Amino acid sequence: MAVTESAVVPVGTPGESEGVRDTGSGAAERARAAHEGILRRQSARESAARTYARALPIVPVRARGLTIEGADGRRYLDCLSGAGTLALGHNHPVVLEAVRKVLDSGAPLHVLDLATPVKDAFTTELFRTLPPRFAERARVQFCGPAGTDAVEAAFKLVRAATGRSGMLAFTGAYHGMTAGALEASGGATDVRVARLPYPQDYRCPFGIGGDRGAELAARWTESLLDDTKSGVPLPAGMILEPVQGEGGVIPAPDTWTRRMREITRARSIPLIVDEVQTGVGRTGAFWAVEHSGITPDVMVLSKAIGGSLPLAVVVYRDDLDVWQPGAHAGTFRGNQLAMAAGTATLAYVREHGLAERAATLGARMLDRLRPLATEFDCVGDVRGRGLMIGLELVDPEGPPHPDPDGPRPAAPELAAAVQRECLRRGLIVELGGRRSSVVRLLPPLTISDEQTSAVLDRLADAVSAVSATARGDRRPGRDGEQGADGPR
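Conventions adopted
Residues numbered from 1 in each chain as written. Predicted model: local features only at pLDDT ≥ 70, side-chain atom pairs only at ≥ 80, totals over all residues. Heavy atoms only, no water. Salt bridge = Lys/Arg side-chain N within 4 Å of Asp/Glu carboxyl O. Helix = DSSP H or I, 4+ residues; strand = E, 2+ residues; numbered from the N terminus. Pairing = 2+ DSSP bridges. Axes fitted to C-alpha atoms, helices over the stretch in contact; angles between N-to-C directions. Patch = residues over 30% accessible without salt bridge, like charges linked within 9 Å, V, L, I, M, F, W, Y side chains within 5 Å. Areas by Shrake-Rupley, 256 points an atom, 1.4 Å probe, with all protein chains shown as cover. Core = buried A, V, L, I, M, F, W, Y, C linked by side-chain atoms within 4.5 Å. Buried < 20%, exposed > 50% of the residue type's maximum accessible area, 1.4 Å probe, protein only. Contact = heavy atoms within 4.5 Å. Expected span 1.5 Å × (residues − 1). Left-handed = near helix turned anticlockwise from the far one by under 90°. Nonpolar A, V, L, I, M, F, W, Y, C, P; charged D, E, K, R; others polar. Phe/Tyr/Trp six-rings, centres within 6.5 Å; stacked < 30°, edge-to-face > 60°.

1. Focus on the pattern of salt bridges
Taken as a whole and assessed by the stated rule, the structure comprises 30 salt bridges. The closest approach of N and O atoms between Asp-254 and Arg-385, which form a salt bridge, is 3.1 Å. Taken together, the residues span a long stretch of sequence, with Asp-254 in helix α10 (residues 254-266) and Arg-385 in strand β13 (residues 379-385) at a distance of 131 residues. Among the charged side chains, a salt-bridge network with shared partners connects Arg-137, Arg-261, Asp-297, Arg-317, Asp-318 and Asp-319.

This is the structure we're talking about:
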């Protein structure tokens, strides 16, 4: 059953509609006025660099689990989850209790890099979750509080350890917004990083996809490193994402990931795995490298490890630890509240098997969503791993390139339309991928079966509405109701 704008019910709150609650017309008007005033002031005062606020004109005032309530009284199911930060959803009780415990204890909140019981507990829990072969020789570096800070630290680390300067990265990558991280990201143009092909099925750089496409990508990498005339000297390191999130939800084949490990190990190139978005159970394993079974040299961690608060670390093989004291630092690397929240989150995910649940639930969601690619010609591909899921929107009238049977051109305007229709139905989703043509789902790992059904219904209904509008079709929709331009 499709869920319409007039009948959105927050899951777990029976009988309460998504619209303004029954507080009287005067209160509703005041709520809307306050909501609109805040948005106007944000637009007037904040930088033009703001992003999510443009596509999601909401003013969150309360949140719990999957649900956000706006200042205007509307409720939404949040499948953005702080861009993957909220492994347990908003304001999970174990996170709130951990934070309150630190606040009530009188412990210092700012300690630079001094040892504290809170930090010791976090590091102990973190090492408990790491792949065992990696953990037994690991060191951890607390850096600035964002994932991009950890990426910068990782680059500095491998350059110091190897005495080399170049880096290898992959097309479509996203590693952050600071200068060095941007150089390794797929959208940068002025780079000192050699860019390698990242395997994928739908838009394979070699036009064939599958195992053969991944093998060609690996051979290209070997050739680039071994050809003395390639123009690429032996680098300080290679950085890769086990699943490209911002690149369009593209999971790396496990066989290719193992090949990258073999290639880098044979040439003494440290392998950096960026688990900022894929970590803490998101892909169906606690850490995404566990799918392939590799042991990286460096792991970059952020987002969910702080339990919704800012925290980032680099974990690396002990023989790379050649830094002198103060070689990499940061005033806010001792965030005690984030460490407490992170410890609670890591432990909860581990103890409750949420990574395994993400694998099962993600597979079920993909099974439900894949028929959309057959039902609607504007859906080119449905893909993902665990609870990282993406739908790529395409122009069904556009010419495929270069293979007549290949994928149609990306359709960012249709993806944006799906995002808007989702928001109308009380569902928050993100866009990503090449040309922002991929609708992304990053629900919290705590999402229930009932909530999952509601999310999938709303997304399917939004795709149906956009498809009907794109065709100029006013025939009945998927569930027999009027098309997108008719009454709802």
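What follows continues from the structure just given.
2. A few points about the sheet that holds β13
Strand order across the open sheet formed by four strands is β13-β14-β17-β16, with antiparallel pairing between neighbours. The strands lining the two open edges of the sheet, one partner per strand, are β13 and β16 (430-432). Each neighbouring strand pair of the sheet contributes to a mean axis angle of 25 degrees, computed without reference to strand direction. Where β13 meets strand β14 (residues 388-393), six bridges bridge the pair, whose relative direction is antiparallel. Bridge pairing in β14 links Val-379 to Leu-393.

3. Overview of the sheet that holds strand β2 (residues 67-70)
A sheet is described by the order of its strands in space; here four strands give the open sequence β1-β2-β3-β15, paired in mixed fashion. Of all strands in the sheet, those with a lone pairing partner are β1 (60-64) and β15 (427-428), marking the two edges. In the sheet, β1 pairs with β2 via four bridges, with the strands oriented antiparallel. Its bridge partner lying in β2, Arg-62 is registered against Glu-69.

4. Focus on a nonpolar patch on the surface
A grouping of Tyr-174, Met-177 and Leu-182 is seen on the molecular surface, where their side chains present a nonpolar patch of about 270 Å² in accessible area. In this fold, Met-177 is placed in the loop between β5 (167-170) and α8 (179-183).

5. Observations regarding the nonpolar core
A general tendency of soluble globular proteins is for nonpolar side chains to be buried together. Counting residues in each nonpolar core, the largest one holds 96 residues, and the members touching the most others are Trp-256, Trp-287 and Leu-459. The leading source of residues in this core is helix α12 (residues 336-351), at nine residues. In this structure, Trp-287 is in contact with Leu-126, Thr-129, Leu-130, Pro-131, Glu-275, Gly-279, Val-280, Met-299, Leu-301 and Ile-305, ignoring residues within four places of it in sequence. If you look at the next biggest cluster of nonpolar residues, it comprises 24 residues, including Val-151, Ala-154, Ala-169 and Ala-312.

6. Quick notes on helix α7 (residues 147-162)
In a regular helix each residue adds 1.5 Å, so 16 residues correspond to 22 Å; α7 covers 23 Å between its end C-alpha atoms and thus fits that length. When α7 is considered as a whole, its buried residues turn out to be Gly-147, Thr-148, Ala-150, Val-151, Ala-153, Ala-154, Phe-155, Leu-157 and Val-158. Those residues of α7 hidden inside the fold are in contact with β5, α8, β7 (237-240), β10 (271-274), β11 (298-301) and β12 (313-317). Two residues or fewer past α7, Gly-163 is found with a positive phi of approximately 75 degrees.

7. Remarks on the packing of helix α4 (residues 93-105) against α12
Where α4 contacts α12, the axes come no closer than 8 Å and their chain directions differ by 145 degrees. Regarding α4 and α12, the two cross each other, and that crossing is right-handed. Residues Val-94, Val-95, Ala-98, Val-99, Val-102 and Leu-103 of α4 touch α12, and the partners they reach there are Leu-337, Ala-340, Ala-341, Ala-344, Thr-345 and Tyr-348. Along the lines of polarity and charge, the residues of the contact of α4 with α12 split into 11 nonpolar, one polar and no charged.

8. A short note on the packing of aromatic side chains
Counted under the stated rule, the structure contains six aromatic pairs. Judged by centre distance (6.1 Å) and plane angle (75 degrees), the ring pair of Phe-170 and Tyr-198 falls under edge-to-face. Of this pair, Phe-170 sits in strand β5 while Tyr-198 sits in the loop between β6 (193-196) and α9 (210-226), placing them 28 residues apart in sequence. Considered together, Phe-170 and Tyr-198 belong to a single accessibility category, that of buried residues. On the numbers, 5.3 Å between centres and 65 degrees between planes, the contact of Tyr-198 with Trp-256 is edge-to-face. With a gap of 58 residues between them, Tyr-198 in the loop between β6 and α9 and Trp-256 in helix α10 connect regions that are remote in the sequence. Here Tyr-198 falls in the buried class, since its relative accessible area comes to 1%.

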